[in-house]
Amino acid sequence: MEDALEPEKKRTRGLDTVTKMATSHPRAPALTARPQTQGQTTAPKVPKKTGPRCSTAIATVLKNQKPGPAVPAQKPAAAAPPLLGGKKPTKRPAWDLKGQLCDLNAQLQCFRERTQTLNQENQQLQDQLQEAQQQARALGAECRTLEGELARVQAQAEQSQQELGNLRAHVLELEEQLGTQEGLVQELQKEQLGLQEERRGLATRLEEQERRLQASEAALSGSQAEVASLRQEAAAQAAALVEQGERLHGLEMERRRLHNQLQELKGNIRVFCRVRPVLAGEPTPSPGFLLFPSGPGGPSDPPTRLSVSRSDDRRGTLSGAPAPTTRHDFSFDRVFPPGSGQDQVFEEIAMLVQSALDGYPVCIFAYGQTGSGKTFTMEGGPGGDPQVEGLIPRALRHLFSVAQELGGQGWTYSFVASYVEIYNETVRDLLATGTRKGQGGECEIRRAGPGSEELTVTNARYVPVSCEKEVEALLHVARQNRAVARTSQNERSSRSHSVFQLQISGEHAGRGLQCGAPLSLVDLAGSERLDPGLALGPGERERLRETQAINSSLSTLGLVIMALSNKESHVPYRNSKLTYLLQNSLGGSAKMLMFVNISPLEENVSESLNSLRFASKVNQCVIGTAQANRK
């Protein structure tokens, strides 16, 4: 504190010194303005210091030196001689030049004396001013020193105040922590009391558990003997389970063998005939036009024969008598009358479809004239009605179900679907979408690899499927892409062969078994003869080329089946894109089924008879024993 008060004492002494100096000098006489003569200059003005620190001292010095009232300046020519004895000088006459000269000399002498006096006073004032300026500078330096010390002291005071505030806050914080710690101590004390009570309870429980443990150890010795007995029993059951698994596998293999034998007894080439019902707006056929004779077991047996009556107009008599009726009888593996539903049709082929899971290639055709119901049989009707679903969605649903059941026996299956059409001997992908749509002409049939017997279609989509919804989506895309046109027999007729193929791959990891086979479901284009009297316009020429390509491929299909039946060394698979694509599904290791679809209308009897005759030839063919594709 003494160091802080020292600058205040120095500043007080400095102010007292200025005050004494200002009072020690007598007030200077009043300055009277004098005219400047030639060769004389006024004293220069001393600049005032405007600094804030020395302004107070300079103001005190100048305040004590008050100048007198200023006398207005007079011109030298108008200056009058000084008054002597207070009397006004008399004007000399103009001729008294000597007197005038004497007056002027006296006046000049007086001015010189006054000038000397003023110079002396000015010199004194300048000395005083210099001394005051020196004192002002000294006082300014001292003032700055004191201000610096004052700022330092104020900073120290502020720092001390801040430290004091921090100490107060720290004290409050410590007090809060102390209160918290005291609360924690109280809680810990309460918790300690609770833990002591709990420890006593646990000690009691421990004693009880020890008694129970002793009882459990006694029971354990008895249980160990029982466990040993159960282990022996489990080992025996495990051995029995392995034996049952071997037996189950053997039964499954036997089931497959018997299933295949049953299918072979039915024939590796089977033909079913299906007659579609009469549609709304179509004429009702005459009674006796189509007859379905009962089997050997009576009406309860499924029909296998079909009788078609036809009137031969060329054999009419001149007398106008009605033409005789010719009856044509056909026999197939199964005949479905017009009232047969889709579920009844699939029930007959379900076991054949299941053969594909056993590793046998399976191929199912739908053959017939335009408008006989081939597409309805294979794909079903529009609208998604489950009652009218075709063979394709029903077959895949059946395969998914059976594959799931076989999964419990260690089998795992994968399914890959493709859908193409053959239009005018050009392969098109029916599953193409987006930018690939319409590029079916770029598809070609190739071997899957060097030395491989598997055929594949280049640039075609192969889509893995695992559920019914995925299959429905593929069928929807294929319906939109398939080539159709109006013909004389049908408003919207399929003008191409559509081939739906499902490649099935199965594996039994536990036994190292593998099997694989394709399932081919084919909707053939409408078979109909050319009308030689038809006038050929631009549209008719296109239909003519389509019909020629369709009939040529169907004829090649018949030749391939006949060559296989006759065990010929050369089978003309490559004569048609259809037979070349289905080569692995038509050979001796395959199982085939043909649906011949016919119309119930009398106006189509000629085409119906042609279809039935072709189906009869196929039904008479016999192909060697099928072999499963297993590894």
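This text follows the structure it describes.
Residues numbered from 1 in each chain as written. Predicted model: local features only at pLDDT ≥ 70, side-chain atom pairs only at ≥ 80, totals over all residues. Heavy atoms only, no water.

> Even after reading the chapter, I still don't get the overall build of the protein chain, so can you show me in this structure?
Each helix and strand counted, the protein chain has eleven helices and 16 strands in total. In the protein chain, which comprises 631 residues, the proportion classed as buried is 33%. The long-range fraction of contacts in the protein chain, counting pairs at least 24 apart against all pairs at least 6 apart in sequence, stands at 72%. Roughly 38,600 Å² of accessible area belongs to the protein chain as shown, and the carbon and sulfur atoms make up 54% of that amount. (Helix = DSSP H or I, 4+ residues; strand = E, 2+ residues; numbered from the N terminus. Buried < 20%, exposed > 50% of the residue type's maximum accessible area, 1.4 Å probe, protein only. Contact = heavy atoms within 4.5 Å. Areas by Shrake-Rupley, 256 points an atom, 1.4 Å probe, with all protein chains shown as cover.)

> Any chance you could explain the sheet that holds strand 2 (residues 290–291) here in plain terms?
One key point about sheets: their strands pair by backbone hydrogen bonds, in either a parallel or an antiparallel sense. Pairing is antiparallel across the open sheet formed by three strands, whose spatial order is 2-3-4. The sheet is open, and its two borders are formed by strand 2 and strand 4 (325–331), each paired with just one other strand. As paired elements, strand 2 and strand 3 (residues 305–311) share two bridges and run antiparallel to each other. The partner of Leu-291 across the bridge, within strand 3, is Ser-307. Contacting strand 3 and strand 4, helix 11 (residues 605–619) runs over the sheet at an angle of about 145° to strand 3. (Pairing = 2+ DSSP bridges. Axes fitted to C-alpha atoms, helices over the stretch in contact; angles between N-to-C directions.)

> Which parts of the structure should I look at to understand helix 11?
An α-helical turn contains 3.6 residues, so a residue and the one three or four places further along point in the same direction. Over its 15 residues, helix 11 runs 20 Å from end to end, which matches the ideal 21 Å to within 8%, given 1.5 Å per residue. Within the span of helix 11, buried status applies to Val-605, Glu-607, Ser-608, Leu-609, Ser-611, Leu-612, Phe-614, Ala-615, Ser-616 and Val-618. (Expected span 1.5 Å × (residues − 1).)

> I'm lost on the packing of helix 4 (residues 342–354) against helix 6 (residues 391–407) in this one. Help?
When two helices pack together, you describe them by how their axes are tilted relative to each other and by the distance separating the axes. With their axes 10 Å apart at the nearest point, helix 4 and helix 6 run at an angle of 50° to one another. Viewed along their axes, helix 4 and helix 6 adopt a mutual orientation that is oblique. In this structure, helix 4 meets helix 6 at a crossing whose hand is right-handed. In this structure, helix 4 contributes Gln-342, Asp-343, Val-345, Phe-346, Ile-349, Ala-350, Val-353 and Gln-354 to the contact, and helix 6 contributes Leu-391, Arg-394, Ala-395, His-398, Leu-399 and Val-402. Here the contact of helix 4 with helix 6 is composed, by residue class, of nine nonpolar, three polar and two charged. (Parallel < 35°, antiparallel > 145°, perpendicular 65-115°, else oblique. Left-handed = near helix turned anticlockwise from the far one by under 90°. Nonpolar A, V, L, I, M, F, W, Y, C, P; charged D, E, K, R; others polar.)

> Explain the packing of aromatic side chains to me, please; I cannot follow it from the model alone.
One pair of aromatic rings is described through two measures. These are the centre distance and the angle between the planes. By the definition in use, this model includes eight aromatic pairs. Among the aromatic residues, those joined into a cluster by ring pairs are Phe-272, Phe-336 and Phe-595. A cation over a ring is seen here: Lys-591 above Tyr-360, with NZ or CZ 4.9 Å from the ring centre. (Phe/Tyr/Trp six-rings, centres within 6.5 Å; stacked < 30°, edge-to-face > 60°. Lys NZ or Arg CZ within 6 Å of the ring centre and 35° of its normal.)

> Teacher, can you tell me more about the side chain of Gln-501 here?
Secondary-structure assignment places Gln-501 in strand 14 (residues 497–508). For Gln-501, a relative accessible area of 16% corresponds to the buried category. Only 3.2 Å separates the side chain of Gln-501 from the side chain of Ser-520, close enough to count as a polar contact. Those residues within four positions of Gln-501 in sequence are excluded, and the remaining contacts are Val-416, Ala-417, Ser-418, Leu-519, Ser-520, Leu-581 and Leu-582. (Polar contact = N/O pair within 3.5 Å; in protein donor to acceptor, adjacent residues only side chain to side chain.)

> What exactly am I supposed to notice about unusual backbone geometry here?
Glycine aside, the phi torsion of most residues is negative, and most peptide linkages are trans. Phi is positive for Asn-424, which is not a glycine, with a value near 50°. Mapped onto the elements, Asn-424 comes out in the loop between strand 7 (411–423) and strand 8 (426–429). Of note, the phi angle at Lys-567 is positive, near 55°, even though the residue is not glycine. Among the secondary structure elements, Lys-567 is positioned in the loop between helix 8 (538–565) and helix 9 (577–581).

> Teacher, can you tell me more about the pairing of strand 6 (residues 362–368) here?
Residues in a regular strand point their side chains to alternate faces of the sheet. Among the seven residues of strand 6, seven are classified as buried, and the element is accordingly described as predominantly covered. In strand 6, alternate side chains face the same way, and those of Val-362, Ile-364, Ala-366 and Gly-368 on one face and Cys-363, Phe-365 and Tyr-367 on the other are all buried. Judged from the five bridges that link them, strand 6 and strand 15 (residues 513–523) form a sheet pairing that is parallel. Paired with Cys-363 across the strands is Ser-520, a residue of strand 15. Across seven bridges, the pairing between strand 6 and strand 16 (residues 591–598) is parallel.

> Hey, could you run me through the pairing of strand 8 in this one?
Side chains Val-427 and Asp-429 project from strand 8 onto a buried face, and the interleaved Thr-426 and Arg-428 project onto a face without burial. Two elements, strand 7 and strand 8, share four bridges in a ladder whose sense is antiparallel. What sits directly across from Ile-422, in strand 8, is Val-427. Taking the residues between adjacent antiparallel strands as the criterion, strand 7 and strand 8 are bridged by two residues, where Asn-424 takes a positive phi near 50°.

> Got a minute to help me understand the packing of helix 6 against helix 7 (residues 468–481) in this structure?
Their axes nearest at 10 Å, the elements helix 6 and helix 7 cross at an angle of 155°. It follows from the interaxial angle that helix 6 and helix 7 lie roughly antiparallel. The way helix 6 lies across helix 7 gives a crossing that is right-handed. Taken together, the residues of helix 7 that come into contact with helix 6 (itself represented by Ile-392, Pro-393, Leu-396, Arg-397 and Phe-400) are Glu-468, Val-471 and Leu-475. Here the residues of the contact of helix 6 with helix 7 are counted per class, giving six nonpolar, no polar and two charged.

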